[in-house]
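Residue strings, one per chain:
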Amino acid sequence: VEFIRGPGSAVYGSNAFTGVVNIVTVDDVNEIALGAGDHRHLEGHVQHAYSGDQVRSSLMLHGRDDQGEDFDVQDTLSSARTATDDPWSSLYLQWQLALGADTQLQLIGARAEAPNYYVLGNINNELNGFDSDFAGLLLTQNLHWHDAISSQLGAGWKYSQARRAPDLSRSKIT
């Protein structure tokens, strides 16, 4: 895993203006992992890879659910005490398919949700919370024109939406 803070547009594209998290997966790994912890934290991970003569495929699915910690804090919008928590959940899917050495298809999807998330100095269950969705599809084809000349053709689609509770702000990219 590689974390890059700040603009990374020269390497990762013009949309990487606040930072990049680059996750490099390992080939030919087949595993299932489950975990549990404090605050009713559950986590699961499935990774499967296949490699044949002309076909390679890898699938990764990762999910988390945490009910969060309970807090009794001062409400920033009134003088009353308020009870809150900080639950969150996320789901991530990545599938890659390679046909021969020249054609690749990649599908990525992610969902994250944190209702009532607790931020120090800013607590109100009517205002705090977010959820976000992301999906992307990329098809690339290598083209070999001559021994020393080649190019790559790519087509992609992405969808991104983020919401803050109770829909105070929205951003959507398609």
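Residues numbered from 1 in each chain as written. Predicted model: local features only at pLDDT ≥ 70, side-chain atom pairs only at ≥ 80, totals over all residues. Heavy atoms only, no water.

1. As for the overall build of the chain
Within the chain, the regular secondary structure consists of 1 helix and 12 strands. Ordered by position from N to C terminus, the α and β elements of the chain give β-α-β-β-β-β-β-β-β-β-β-β-β. For the chain, the residues scored as buried account for 22% of the 174 residues in total. Residue pairs at least 24 apart in sequence account for 41% of intrachain contacts in the chain once pairs closer than 6 positions are excluded. (Helix = DSSP H or I, 4+ residues; strand = E, 2+ residues; numbered from the N terminus. Buried < 20%, exposed > 50% of the residue type's maximum accessible area, 1.4 Å probe, protein only. Contact = heavy atoms within 4.5 Å.)

2. Overview of the pairing of strand β9 (residues 103–115)
Inspection of the sheet shows strand β8 (residues 88–99) paired to β9 by 11 bridges, in the antiparallel sense. Counted as the bridge partner of Y92 is A110 from β9. Alignment of β9 against strand β10 (residues 129–146), held across 13 bridges, turns out to be antiparallel. Across the sheet, the residue bridging to P115 is G129, located in β10. (Pairing = 2+ DSSP bridges.)

3. Some thoughts on the environment of L153
Structurally, L153 is set in strand β11 (residues 149–164). In the structure, L153 is positioned 13 residues away from T140 in sequence and 5.6 Å away in space, judged by C-alpha atoms. Sequence-distant contacts of L153, defined by excluding residues within four places in its chain, comprise L139, T140, Q141 and L143.

4. Observations regarding the environment of I108
Relative to the helices and strands, I108 resides in strand β9. Judged by relative accessible area, which is 21%, I108 ranks as partly exposed. Counting along the chain gives 28 residues from I108 to G136, while the straight-line C-alpha distance between them is 5.1 Å. Ignoring anything within four residues of it in the chain, the contact list for I108 reads Y92, L93, Q94, F134, A135 and G136.

5. Side note on a nonpolar patch on the surface
Together, I32, L34, V46, L61 and L91 give the surface a local cluster of nonpolar side chains, amounting to about 510 Å² of exposed area. Among the structural elements, L34 can be located in strand β3 (residues 31–37). (Patch = residues over 30% accessible without salt bridge, like charges linked within 9 Å, V, L, I, M, F, W, Y side chains within 5 Å. Areas by Shrake-Rupley, 256 points an atom, 1.4 Å probe, with all protein chains shown as cover. Salt bridge = Lys/Arg side-chain N within 4 Å of Asp/Glu carboxyl O.)

6. Some words on the confidence of the model for the chain
When the pLDDT values of the chain are averaged, the result is 79; 71% of them are 70 or greater. Mean pLDDT across the secondary structure elements of the chain bottoms out at strand β12 (residues 170–173), with 42, and peaks at β8, with 93. Note on residues 168–174: pLDDT is under 50 here. Beyond four places in sequence and across chains, it has 18 contacts. (pLDDT = per-residue confidence, 0-100.)

7. Things to note about the environment of L107
For L107, the position within the fold is in strand β9. Between the C-alpha atoms of L107 and Q96, which are 11 residues apart in sequence, the distance is 6.4 Å. Setting aside chain neighbours within four positions, we find L107 in contact with L93, Q94, W95, G136 and L137.

8. Quick word on the pattern of salt bridges
Tallying each qualifying case throughout the model produces 3 salt bridges. Among the ionic pairs, E43 bridges to R64, the shortest N-O distance being 3.2 Å. Taken together, the residues span a long stretch of sequence, with E43 in strand β4 (residues 41–51) and R64 in strand β5 (residues 55–66) at a distance of 21 residues. Owing to a relative accessible area of 25%, E43 belongs among the partly exposed residues under this scheme. Take R64: its relative accessible area is 34%, and that puts it in the partly exposed class. Salt-bridge contacts for R111 lead to D133; the nearest nitrogen and oxygen are separated by 2.9 Å.

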